[in-house]
Each structure stands twice: as structure tokens, then as C-alpha cells.
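# Observations on chain architecture
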Amino acid sequence: MSSNILRPNHELTDRELSEKRGLKRLLKRQMRRRKLEVRLNQAIMRKDAVTEQFSRVELDQFLREEENELFKTQSMNLVALENDYNTSSSTILPKEHRESEAEQAKAQYDIEELYQTYYDLLEKQLESKQNGNSEHYEKTPKACDTTNGTLIKDHQKAEARVLLINMTKGTQTVDMFENSTALMGYVRQKFQERACLAISSLCKLDPRRADLGQQPPQFWNLLLACRSICSIGCGPGCDVLGLVKFLQCFAATPKDETLVDRVIFLDWTMDKWEPFLRPLIDGVLIPQKYVASADCVFGDVLRPLSEDCNQTAKDLLFLQEEGGVDLYVTSYLLTETRGKWHDFYRDIIDMAKPGALFLFAEPKAWQLHSLMEQHGSTKMEYVWLDSSMYSPMMQALEGRVGPAVLLCRKL
Ligand SMILES: C[S@@+](CC[C@H](N)C(=O)[O-])C[C@H]1O[C@@H](n2cnc3c(N)ncnc32)[C@H](O)[C@@H]1O
């Protein structure tokens, strides 16, 4: 079994086809299990006894069915995979592993607090901008206001929905980002989730979790040594907040020292996102010593980095320091720009220094497979930081339990 199964079904042998179907079935069951576990945990957190009871019964029933299913999959050698996925919840973890998980949970909890600080500043800043300059900012009322009896947060959510649907389909256009209510809705819906995704993905590399399998140690050491970051398709900057929080928790930087020297935020609608980035930079990242300096710059991944429109970004990245930054993060952008990003990333990867890291998060793995096919094999080594991390056979599938996350290191 290998990446062979990535070929279209009509090119597969009967055996490969049946293996592929088996893996897909397994993935579906993993997803179902995760859904049930999440629902149960949420009910426990909400202290909702009725849903908790109901969810427990449903999860128990599912796990019983799973046992039967395992007998069926035994012949396909999938039991080991199933066990990999189940390890963290079904066995007692070593103390070091549990410590690492507790630190991750603390980092994710801190994101909630940082987000609240950021969100309050954002609301204030947008409000004062609107008062001083009504030309560029449509009125963005506070979340607790109502219009025609509808909560503003619902209004923001509805506006963001249109944007999100277009992002998913890859049909977003620059003018859709002019709607600051939609951008506010995006922040409300995605900011914390994406910051936490960066943390939970990278924590998987913590050597204290080695009980789950062999992890490439060079990635962890390089990660903790990162002093400069570029976020490509940064949006409101959630990925960077997750990364610096991760570094604060896991790198041994002295408390009074700034964690990261420079961050470059890059986006094709930077003029629209900058009002959302400023409160994060000036109100959180710099005063709380996460970051010493930050630049916001236009950059379009649909065009090669060498093209005139990307010149400022290229200069910022590579003029000051040969080889550019230590870590490039791209989250939920490749799927949105579907394969039209190859020239841009080829340029960046070619110009990056050896040892530079690239973190990618996408809803599914297809664009990441395409990245590795075209740019990866000779220039980068990589590790999947998602549900497929310890299941090489599952890595060839497009689906994951949760998003697909890939970390690459330039050779
Ligand atoms: C789905 S959002 C992701 C934002 C953030 N990284 C996150 O994970 O929440 C995609 C981002 O990519 C930006 N984007 C879309 N097309 C782009 C392009 N051609 N070049 C650069 N950025 C682009 C959008 O403005 C938006 O900020």
C-alpha cells in the first residue's frame, strides 16, 4: 500500500481499489468517533447532563460496533492503524506525555484570554476609525447591539458565511474583503480555532510524546529555535498568535526577552486586513513581548514571487536576511487558490535557507500532496502533523480526522 492509491480509481488494480476503500471506511469511522467524543466533551463542559448521558450511550454503542468492525479489517492489516489512532484515549499515557498535553491545554486556554484582549481592542479601533473616516469603514456595531431585532453577532456570522463559502470553493474575489462586517464575522468564527490548530499540531512533535511513535527530532529543535516568521495569506493573524504562544510555552526563552525578532504578515488584501492586524500587533504581540517587530505587506500567491507586484514582499523577506525567515506558515490558503500557487511557492522554497520550516494547514490533503509532488521530494523532508501522523497508509488519502497539517524542512 502506498501513494499508489492516489491514482484515479479506474487506474487501480482490484486489490488497490479494495485497499483504498478499506482505508476510506476506516477514516470515516475515525471521523464518526471523533464527532461523538467531541459532543460528549462539550456536553460535560456545558454541564448538560441530558446530552452527556445520550452521548455516552451513543459512543459506547459505536465502540462496541467498532470491535466487530476490527474483526472484519483484520485481514487487511488495518488493526495497527486503528490502534494508532486510538492510543491516546484508550491507554494510560506516560507522565511526560501527560505533562506535555497539560502544557498544550494551558497554551490553548491562554489563546482564549489573548483573543478576548485582541477582540476588545479590535472593536474599539474599528469604532474610532469609523468615526474619523466613514469612507472606508462601514459601521461595524458591537456584537451585543441589535439591528431589527437581530443580534449583530448573527449578522456578522451571516456575512462571514458568504465569504467562507466562497473561500471553500476558491471563488473569493478581492471586493468580498471590503465587507468589514464579514471580516469581523471571520475573526469571531475562525480566530481562536486556527490559533489553537497551530499549537495542537506542533505539540505532536514534543519528544515527551515519543511513546506514540518515532518522531523526527530535528523538527522540534528547529521549531523551538525559530526567531522569525512569515504568515502567507495571514488574514487577521491567528496563525502567528498560535505560533508565538507555542514558542512561549515550549521554547526556553528567558521571561524578559522578546520571543520572536520579526514577523512578516503577507496577504493579497492587506489593505482590508491591516485594520484587523494592528490591534493584534500593537495591542498584544509587541507590548506582551511576543514579537519585536512586525510588517504588513501585500503579497499575491497567484503570481510568482519574482513578479513586480510581489517585489516589496520579496525584498522584506530576503533583502534584510539572506535565506529569509525561519518559519513560513500557510493556513487555509492553498485550497482557496487551488494549484495556482505553485510558482509562488517554488520561488519561496528555492530562496529559503536550508533548515527553514514550512507549516501548512488545509481542510483536506489534496493540495499538500500536490505541493510535495511538485516541490517536495528533492528539496524538503516532511512530517504529517494530523490524524495520519502515525499511519503512513492513511497519509495517501485526502481526508483526515480534522484538518490536514504538514510540516516541511528545506534540505
Ligand atoms: C481562509 S483565509 C485564512 C486566513 C488565516 N491564515 C487563517 O487560517 O484563518 C485565506 C486568506 O488568504 C488570503 N488570500 C486569498 N487569496 C490570496 C492570494 N492570492 N494571495 C495571498 N493571500 C490570499 C485571504 O485574504 C485570507 O486572508
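Here, the structure is the one placed above.
Reference entry: report on the structure contained in this document. Owing to the predicted nature of the structure, the values given are computational and were not obtained by experimental measurement.

## Digging into the overall build of the chain
Secondary structure assignment for the chain yields 13 helices and nine strands. For the chain, the proportion of its 411 residues judged to be buried stands at 36%. Put simply, 74% of the contacts in the chain that link residues at least 6 apart link residues at least 24 apart.

## Regarding the sheet that holds strand β3 (residues 228–232)
In space, the seven strands of this open sheet follow the order β5-β4-β3-β6-β7-β9-β8, with mixed pairing throughout. At either margin of the open sheet sits one strand with a lone partner, and together these are β5 (291–298) and β8 (380–384). Strand-to-strand twist in this sheet, taken as the mean axis angle between neighbours without regard to direction, amounts to 15 degrees. As paired elements, β3 and strand β6 (residues 327–331) share four bridges and run parallel to each other. Opposite I232, over in β6, you have T330 as the bridge partner. Here helix α9 (residues 270–285) sits on the sheet in contact with β4 (260–267) and β5, set at roughly 175 degrees to β5. This element, helix α10 (residues 311–318), spans β3, β4 and β5 of the sheet and lies at about 155 degrees to β5.

## Thoughts on the site of the ligand
Near the ligand there are 22 residues, and of these G233, G235, W268, S331 and Y332 occur at the shortest range. Going through the elements one at a time, α6 (180–203) and α8 (238–250) are the ones with two or more residues in the shell around the ligand. The class makeup of the residues in the shell around the ligand is 10 nonpolar, six polar and six charged.

## Things to note about the environment of V162
Looking at the element boundaries, V162 is found in helix α5 (residues 152–169). With 14 residues separating them in the primary sequence, V162 and M176 have C-alpha atoms 8.8 Å apart.

Criteria and cut-off values
Residue numbers restart at each chain and count upward from 1, following the sequence in its written direction. Residue-level local features of this predicted model are given only where pLDDT is at least 70; pairs of side-chain atoms are given and counted only at 80 or more, and the full residue set underlies all totals for whole chains, interfaces and linings. Numbering of helices and strands runs from the N terminus; a helix is a DSSP stretch of H or I covering at least four residues, while a strand is a stretch of E covering at least two. Counting other C-beta atoms within 10 Å of its own, a residue is labelled buried from 20 upward, exposed at 12 or fewer, and partly exposed in the gap between, with every C-beta atom placed from the backbone. Remark: residues whose backbone-derived C-beta atoms lie within 7 Å of one another are considered to be in contact. In short, DSSP must find at least two bridges between two strands for them to pair. Between N-to-C directions, angles span 0 to 180 degrees; the directions come from axes that are lines fitted to C-alpha atoms, helices contributing only their stretch in contact. Using a C-beta atom placed from the backbone, a residue is described as near a molecule or strand when that atom lies within 6 Å of it. Polarity classes work like this: nonpolar for Ala, Val, Leu, Ile, Met, Phe, Trp, Tyr, Cys and Pro, charged for Asp, Glu, Lys and Arg, and polar for all others, with Gly in that last group.

Honestly, it's all geometry; don't read function into it.
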